[in-house]
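# Observations on the model geometry
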Amino acid sequence: MARHIYACPLRWSDMDAFGHVNNVVFLRYLEEARIDFMFTQAAEAGAGEFAGGSVVARHEIDYLKPLIHRPEPVTVETWVTRLTAASLTVSYEIKDIGSGEEADETVYVRASTVVVPYDLAAGRPRRISPVERAFLSRFLDGAEVKEAAA
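Residues numbered from 1 in each chain as written. Predicted model: local features only at pLDDT ≥ 70, side-chain atom pairs only at ≥ 80, totals over all residues. Heavy atoms only, no water.

Attention now goes to the overall build of the chain. Across its full length, the chain carries 2 helices and 7 strands. Ordering the α and β elements of the chain from the N terminus gives β-α-β-β-β-β-β-α-β. Contacts spanning at least 24 positions in sequence make up 67% of the contacts within the chain whose residues lie at least 6 apart. Of the roughly 8100 Å² of accessible surface on the chain, 53% is carried by carbon and sulfur atoms. (Helix = DSSP H or I, 4+ residues; strand = E, 2+ residues; numbered from the N terminus. Contact = heavy atoms within 4.5 Å. Areas by Shrake-Rupley, 256 points an atom, 1.4 Å probe, with all protein chains shown as cover.)

The subject of this paragraph is the pairing of strand S3 (residues 74-83). Every regular strand shows the same layout, with side chains that alternate between the two sheet faces. Extensive coverage of S3 is indicated by the burial of 9 of its 10 residues. The sheet contact formed by strand S1 (residues 4-8) and S3 spans 5 bridges and is antiparallel. Each residue of the ladder has a partner; that of histidine 4, found in S3, is threonine 78. Bridge analysis of S3 against strand S4 (residues 88-96) gives 8 bridges, and the strand direction is antiparallel. Looking at the pairing, valine 76 lines up with isoleucine 94 of S4. As consecutive antiparallel partners, S3 and S4 are separated by 4 residues. (Buried < 20%, exposed > 50% of the residue type's maximum accessible area, 1.4 Å probe, protein only. Pairing = 2+ DSSP bridges.)

Here we take up helix H1 (residues 23-44). Spanning 22 residues, H1 covers 32 Å between terminal C-alpha atoms, matching the ideal 32 Å at 1.5 Å per step. Of the residues making up H1, those classed as buried are Val25, Phe26, Tyr29, Leu30, Ala33, Arg34, Asp36, Phe37, Met38 and Ala42. Buried residues belonging to H1 abut S1, strand S2 (54-63), S3, S4, strand S5 (106-119) and helix H2 (130-137). You can read the cap of H1 off the contacts: a side-chain oxygen lies 2.9 Å from the backbone nitrogen of valine 24, and it is on asparagine 22. Directly beyond the C-terminal end of H1, a positive phi value near 90° is found at glycine 46. (Expected span 1.5 Å × (residues − 1). Polar contact = N/O pair within 3.5 Å; in protein donor to acceptor, adjacent residues only side chain to side chain.)

Right, let's talk about H2 for a bit. Since there are 3.6 residues in each turn of an α-helix, residues three or four apart along the chain are aligned in direction. Within the span of H2, buried status applies to Glu132, Arg133, Phe135 and Leu136. Considered in projection along H2, the buried side chains sweep an arc of 165° and stay on one side of the axis. (Arc of directions from axis to C-beta.)

Before going further, it helps to spend a moment on the packing of aromatic side chains. This model, assessed by the stated rule, comprises 5 aromatic pairs. Each ring, one from phenylalanine 26 and one from tyrosine 63, has its centre 5.8 Å from the other, and the planes form 65°; the classification is edge-to-face. Of this pair, phenylalanine 26 sits in helix H1 while tyrosine 63 sits in strand S2, and the two are 37 residues apart along the sequence. What makes tyrosine 63 partly exposed here is its relative accessible area of 39%. Ring centres of phenylalanine 37 and phenylalanine 135 lie 5.4 Å apart, and the angle between their planes is 35°; on these two criteria the pair is classed as tilted. Here the residue phenylalanine 37 occupies a position in helix H1, and phenylalanine 135 occupies one in helix H2, the gap between them amounting to 98 residues. This pair shows no difference in class: phenylalanine 37 is buried, exactly as phenylalanine 135 is. When the ring centre of tryptophan 79 is taken as reference, the NZ or CZ atom of arginine 3 above it lies at 3.5 Å. (Phe/Tyr/Trp six-rings, centres within 6.5 Å; stacked < 30°, edge-to-face > 60°. Lys NZ or Arg CZ within 6 Å of the ring centre and 35° of its normal.)

Set out below in C-alpha cells:
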C-alpha cells in the first residue's frame, strides 16, 4: 500500500496564544494534503473527476503531541482506509520523519475524513467512477472495500 506524502509548511499565523499550532489549523493541513492527493495527484493519474466536486461528511482527529512553530514543514501522510460505491475514508498522520541512525518519527496528529464525491451541477452525491476507484485502490490500506452494486 502506498501513502501520499505532502510537505506542509507551517505559517506564523498558525500559532495560538500558547506558542503551538492551534488545533483548528490541523484541519487546514489535512485539507491541503487531501486536495493535493485527490485533485492534483488523481488528475495526474487520469482520475480528475474529484476536482468536479466532493464534500466532507465527517472528520475525526486525535491530537497526540503539540506542534511548535518552526521553519521546517511537517509531513502529512495520506492513505485510504475505506472505499465504498459512493464514499471513501481518507486517513492521515501529521508527523516529522527523522533521518539517520537515530531517526525519530514524531506523530502529532492521527485523523480521518469521510469524503463523498459530489455532482455540483446536479446538486447531489455521485458514485465513485472506475477510474477513481483504480487510483484510490493504490492507496488502500487493506481495510474495507465495498464493491459498487451493478
